[in-house]
Amino acid sequence: DSGVTQTPKHLITATGQRVTLRCSPRSGDLSVYWYQQSLDQGLQFLIQYYNGEERAKGNILERFSAQQFPDLHSELNLSSLELGDSALYFCASSVLPSGGNEQFFGPGTRLTVL
Amino acid sequence: GIQVEQSPPDLILQEGANSTLRCNFSDSVNNLQWFHQNPWGQLINLFYIPSGTKQNGRLSATTVATERYSLLYISSSQTTDSGVYFCAVEQFGSWGKFQFGAGTQVVVTP
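Residues numbered from 1 in each chain as written. Chains lettered and ligands numbered in written order. Predicted model: local features only at pLDDT ≥ 70, side-chain atom pairs only at ≥ 80, totals over all residues. Heavy atoms only, no water.

Asker: Sorry if this is basic, but what is going on with the interface of chain B and chain A here?
Answerer: Often the size quoted for an interface is simply the accessible area lost on bringing the parts together. Across the contact, 16 residues belong to chain B and 19 residues belong to chain A. Between chain B and chain A lies a buried interface of about 1600 Å² when both sides are counted; carbon and sulfur atoms form 55% of it. Among the residues of chain B in contact with chain A, Leu43, Phe98 and Phe100 of chain B are the three that bury the most area, contributing 30% of the side total. Joining chain B to chain A, the criterion identifies 0 salt bridges. At the boundary of chain B with chain A, the tally comes to 5 residue pairs in polar contact (both at pLDDT 80 or more). Listed by contribution, the elements that provide at least two residues to the side of chain B that touches chain A are strand 4 (29–37), strand 5 (43–48), strand 9 (83–91) and strand 10 (98–100) of chain B. Here the side of chain B that touches chain A gets 5 residues from one element, more than from any other, and that element is strand 4 of chain B. Of the residues in the side of chain B that touches chain A, the class split is 7 nonpolar, 7 polar and 2 charged. (Contact = heavy atoms within 4.5 Å. Buried area = accessible area lost by both parts, 1.4 Å probe. Salt bridge = Lys/Arg side-chain N within 4 Å of Asp/Glu carboxyl O. Polar contact = N/O pair within 3.5 Å; in protein donor to acceptor, adjacent residues only side chain to side chain. Helix = DSSP H or I, 4+ residues; strand = E, 2+ residues; numbered from the N terminus. Nonpolar A, V, L, I, M, F, W, Y, C, P; charged D, E, K, R; others polar.)

Take a look at the structure:
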């Protein structure tokens, strides 16, 4: 157990819908990262937050947004869902925002868009 | 952006065999980690190793940052070692953006 929690574990929804994925970092970690893992794209970095502020952005679609709250948990919002958004979404956390520290991954949320 | 290449893409081992997985990266990095994704999808930290050598039980890793590669060595493999092994790097200057390799799929047979 990495100490990073994600809910829900599984999510099945329809095209055009909106969902919210939730992540709680390890105790003491201030930085949260979101990743998408799909069969064709592999593991892709989406976005990073550090202590409530966005710090780095990767291949995140405009239909996707995220935020980190004062209690440090984070939410990833996916809207206007398409079949291609079906994937495993991981959250990771670390103490520092970059370099020199380890990331720890949560168990992931498996999203299926029908 | 930085390119991360892992080899081999697939590896089939008999229980008890040793193997070496490689990760090449195209630019300087300030962070490199190895992960094991088990058959249930969980990503497990193996090593945080931007440079140098580390050992943890039957696993060891070496990163030669000046030559831009890292090696993961599995000794006396067990069926529980099956899964996908990923290398992930944070390019120097691209703070917080981690790039994963495509992974090495390892199958250990009894």
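Asker: Looking at this model, I keep getting lost on the pairing of strand 11 (residues 104–109) of chain B. Mind explaining?
Answerer: Look at any regular strand and the pattern is simple: side chains alternate between the two faces of the sheet. Residues and elements named next belong to chain B. Residues Thr104, Val106 and Val108 line the buried face of strand 11, whereas the alternating positions Gln105, Val107 and Thr109 sit on a face that is not buried. Relative to strand 11, strand 2 (residues 10–14) runs parallel, the two sharing 5 bridges. Directly across from aspartate 10, in strand 11, lies its bridge partner glutamine 105. Across 3 bridges, strand 9 lies against strand 11 in antiparallel orientation. From the neighbouring strand, glycine 83 faces strand 11, where its bridge partner is valine 106. (Buried < 20%, exposed > 50% of the residue type's maximum accessible area, 1.4 Å probe, protein only. Pairing = 2+ DSSP bridges.)

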